[in-house]
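These are the residues of each chain, in order.
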Amino acid sequence: LSKPLGASVSYPGPPMCGIVGVLCADDSSAVGPLYEALLALQHRGQDAAGIITEDAGRFCLHKDNGMVRDVFGPAQLTNLRGSIGIGHVRYPTA
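Residues numbered from 1 in each chain as written. Predicted model: local features only at pLDDT ≥ 70, side-chain atom pairs only at ≥ 80, totals over all residues. Heavy atoms only, no water.

S.K.: So what's going on with the side chain of Thr 53? Which residues, and what values?
M.R.: Within the secondary structure, Thr 53 sits in strand E2 (residues 48–55). Residue Thr 53 is classed as buried on the basis of its relative accessible area, which comes to 1%. A distance of 2.7 Å separates a polar atom in the side chain of Thr 53 from the backbone oxygen of Arg 81. Those residues in contact with Thr 53, other than ones at most four positions away along the chain, are Leu 34, Arg 58, Phe 59, Cys 60, Leu 80, Arg 81, Ile 84 and Gly 85. (Helix = DSSP H or I, 4+ residues; strand = E, 2+ residues; numbered from the N terminus. Buried < 20%, exposed > 50% of the residue type's maximum accessible area, 1.4 Å probe, protein only. Polar contact = N/O pair within 3.5 Å; in protein donor to acceptor, adjacent residues only side chain to side chain. Contact = heavy atoms within 4.5 Å.)

Here it is as structure tokens:
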């Protein structure tokens, strides 16, 4: 987009998708705050959800179609180790 500084930009259509990032300064697990944030962002997308975390140089990923509570159960959350991560919820588009 190329707009002059201070000009407003409007986007057509409903709000789509949601994304959140967490970096824990004390090396605690990022998956709890990521999961809670995705629940809060669920209204931004109800088609699919995913979380990726990083643990000692290895990525841990889980994603699937469906609502956040349906995509992530205790087993999936336990496997998402690390103190840094990104989560998303997807709104279906054409």
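S.K.: An account of the sheet that holds E2 is needed here, citing residue identities and associated values.
M.R.: Pairing in this open sheet of four strands is antiparallel, and the strands run E1-E4-E2-E3 from one edge to the other. Strands with a single pairing partner mark the edges of an open sheet, and in this sheet they are strand E1 (18–23) and strand E3 (58–65). Shown here is a sheet whose adjacent strand axes are inclined to one another by a mean of 10°, direction ignored. Alignment of E2 against strand E4 (residues 84–90), held across seven bridges, turns out to be antiparallel. By the bridge assignment for E4, Ala 48 is matched with Arg 90. (Pairing = 2+ DSSP bridges. Axes fitted to C-alpha atoms, helices over the stretch in contact; angles between N-to-C directions.)

S.K.: Mind laying out helix H1 (residues 31–40), listing which residues take part and the relevant values?
M.R.: Buried within H1 are the following residues: Val 31, Leu 34, Tyr 35, Ala 37 and Leu 38. Angular distribution of buried residues about the axis of H1 spans 165°; they occupy a single face of the element. Structural note: H1 exposes Glu 36 and Ala 40 on the side pointing more than 90 degrees away from its buried face. Here the buried face of H1 lies against E1, E2, helix H2 (68–71), helix H3 (74–79) and E4. (Arc of directions from axis to C-beta.)

S.K.: Give a detailed account of the pattern of salt bridges, specifying residues and quantitative values.
M.R.: In the structure shown here, the tally under the stated rule is two salt bridges. Asp 47 is the salt-bridge partner of Arg 90, the closest N and O atoms lying 2.4 Å from each other. Of this pair, Arg 90 sits in strand E4 while Asp 47 sits in the loop between H1 and E2, and the two are 43 residues apart along the sequence. According to the relative accessible area criterion, Asp 47 is partly exposed, its value standing at 27%. Here Arg 81 makes a salt bridge to Asp 55, at a shortest N to O gap of 3.8 Å. Of this pair, Arg 81 sits in the loop between H3 and E4 while Asp 55 sits in strand E2; the two residues are 26 residues apart in sequence, bridging distant segments of the chain. When its relative accessible area of 43% is taken as the criterion, Arg 81 is described as partly exposed. Given the relative accessible area of 30%, Asp 55 is considered partly exposed. (Salt bridge = Lys/Arg side-chain N within 4 Å of Asp/Glu carboxyl O.)

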